[in-house]
Amino acid sequence: MKFFVDTAEIDAIAELNDLGMVDGVTTNPSLIMKSGRDILEVTKEICDLVDGPVSAEVIATEADDMIVEGRKLAKIAENITVKVPLTWAGLKTCKTLSDEGTMVNVTLCFSANQALLAAKAGATFISPFIGRLDDINLDGMDLIADIREIYDNYAFDTEILAASIRTVNHVTEAAKIGADVMTAPPDVIKKMVNHPLTDKGLDQFLKDAAKAGIKIV
Ligand code: E4P
């Protein structure tokens, strides 16, 4: 499973990238707003830092305008993935940009039929939003499973990018179903290391090492 980090905070990306935990980055207008940075500047900095795909989202709503924005974003770096919403205008933009050789991430996906349309429009990634479905008492994981089944039935190349991940259990479940990629905020990725038995076991080993006077260097 590839790990994308869902943030526009450079320091947080760099920290995880140094550990080999970053296969790509996703941003959206809300995350850019949170960073307080100019979209073109911060996106360029992220692209320079990370080898994998970096999603930057268009803000126009009409296809012609989205295509202009997408082409401008695509010029930032070779690893840009243009992110478009799951609307007819977004799908038209997806088809045009992917035909031009630009990676496209179709975002705000909440149904299997939407995912089917995105694959047919040539999406590189489809982003089903798990957490936002859970927020309205639906099971986001059912959607991941449905898309996995449909894409496998027809051998679509589009990668399933499990998005809106809010908990470490979301990561486990998405990995079990076979999502190709997950994108999560840095704090969720960091929490994945936690286990009380690891802490307890390490505490005992360190006490015993001190008692025995063990020295390695
Ligand atoms: C991913 O591409 C999305 O930007 C992100 O995962 C949305 O997450 P949220 O629903 O927690 O805002």
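These remarks concern the structure in this document. Small disclaimer: the values here were computed from a predicted structure and weren't measured. (Residues numbered from 1 in each chain as written. Predicted model: local features only at pLDDT ≥ 70, side-chain atom pairs only at ≥ 80, totals over all residues. Heavy atoms only, no water.)

**Points about the overall build of the protein chain**
Just so we agree on the cut-off: Only DSSP runs of H or I reaching four residues or more are called helices, and only runs of E reaching two or more are called strands; each is numbered from the N terminus. Throughout this description, buried means an accessible area under 20% of the type-specific maximum (1.4 Å probe, protein chains only), exposed means over 50%, and partly exposed covers the range between. Residue contacts are counted whenever heavy atoms from the two residues lie within 4.5 Å of one another. All accessible-area figures derive from a Shrake-Rupley calculation using a 1.4 Å probe, and residue coverage is judged against the displayed protein chains alone. Counting rule applied: Lys, Arg positive; Asp, Glu negative; His and chain ends not counted. Every charge is mapped to an atom, namely NZ of Lys, CZ of Arg, CG of Asp or CD of Glu.
When helices and strands are counted, the protein chain shows eleven helices and eight strands. Principal axes of the C-alpha set define a box for the protein chain whose edges measure 70 × 40 × 30 Å. By residue count, 46% of the 217 residues in the protein chain fall in the buried class. In the protein chain, the proportion of contacts linking residues at least 24 apart, taken out of those at least 6 apart, comes to 57%. When the accessible surface of the protein chain is split by element, carbon and sulfur atoms take 55% of a total near 11,600 Å². Put simply, the protein chain has 21 plus and 34 minus side-chain charges, and the middle of one group is 4 Å from the middle of the other.

**Let's talk about the side chain of Ser127**
Applied cut-off: N or O atoms within 3.5 Å of each other form a polar contact, as long as, within protein, one can give a hydrogen and the other can take it, and as long as residues adjacent in sequence are counted only when both atoms are side-chain atoms.
Along the chain, the position of Ser127 falls in strand S6 (residues 125–128). Here Ser127 falls in the buried class, since its relative accessible area comes to 2%. A polar contact of 2.8 Å, which involves the side chain of Ser127, links it to the side chain of Asn105. Ignoring anything within four residues of it in the chain, the contact list for Ser127 reads Asn105, Val106, Thr107, Leu108, Cys109, Leu161 and Ala163.

**Some words on helix H5 (residues 88–99)**
Put simply, the rule reads: In a helix, the anticipated span is given by 1.5 Å times the number of residues less one.
The first and last C-alpha atoms of H5 sit 16 Å apart over twelve residues, in line with the 16 Å expected at 1.5 Å per residue. All buried positions along H5 are accounted for by Ala89, Gly90, Leu91, Thr93, Cys94 and Leu97. Tucked into the core, H5 has its buried residues touching helix H4 (63–74), strand S4 (80–85), strand S5 (103–109) and helix H6 (112–120). Following H5 by one or two positions, Gly101 has its phi on the positive side, about 95°.

**Examining the environment of Ala8**
Checked against the element boundaries, Ala8 lands in the loop between strand S1 (2–6) and helix H1 (10–18). Residues Ala8 and Glu45, 37 residues apart in the sequence, show an inter-C-alpha distance of 9.7 Å. Ala8 has contacts with Ile13, Thr27, Leu31, Ile32, Ser35, Val42 and Ile46, leaving out every residue within four places of it along the chain.

**A look at the sheet that holds S1**
Backbone-to-backbone hydrogen bonds pair the strands of a sheet. The strands run either parallel or antiparallel. The criterion, for reference: DSSP bridges decide pairing: two strands pair if at least two such bridges lie between them. Lines fitted to C-alpha atoms define the axes here, with helix axes fitted over just the stretch in contact, and angles between the N-to-C directions of these axes take values from 0 to 180 degrees.
Pairing in this closed barrel of eight strands is parallel, and the strands run S1-S2-S3-S4-S5-S6-S7-S8 around the ring. Neighbour-to-neighbour, the strand axes of this sheet turn through a mean angle of 30°, independent of strand direction. In this sheet, strand S8 (residues 181–184) lies alongside S1 in parallel orientation, the contact comprising four bridges. The partner of Phe4 across the bridge, within S8, is Thr183. Packing of H4 onto the sheet brings it into contact with strand S3 (54–57) and S4, and relative to S4 it is tilted by some 160°.

**Quick notes on helix H9 (residues 168–177)**
Let me state the cut-off plainly: By definition, the arc is the one covered by directions from the helix axis to the C-beta atoms.
When H9 is considered as a whole, its buried residues turn out to be His170, Val171 and Ala174. Buried residues of H9, seen end-on, are gathered within an arc of 100° and therefore sit on one face of the element. Among the exposed residues of H9, those oriented more than 90 degrees off its buried face are Asn169 and Lys176. Backbone geometry just downstream of H9 places Gly178 in the positive-phi region, at approximately 105°.

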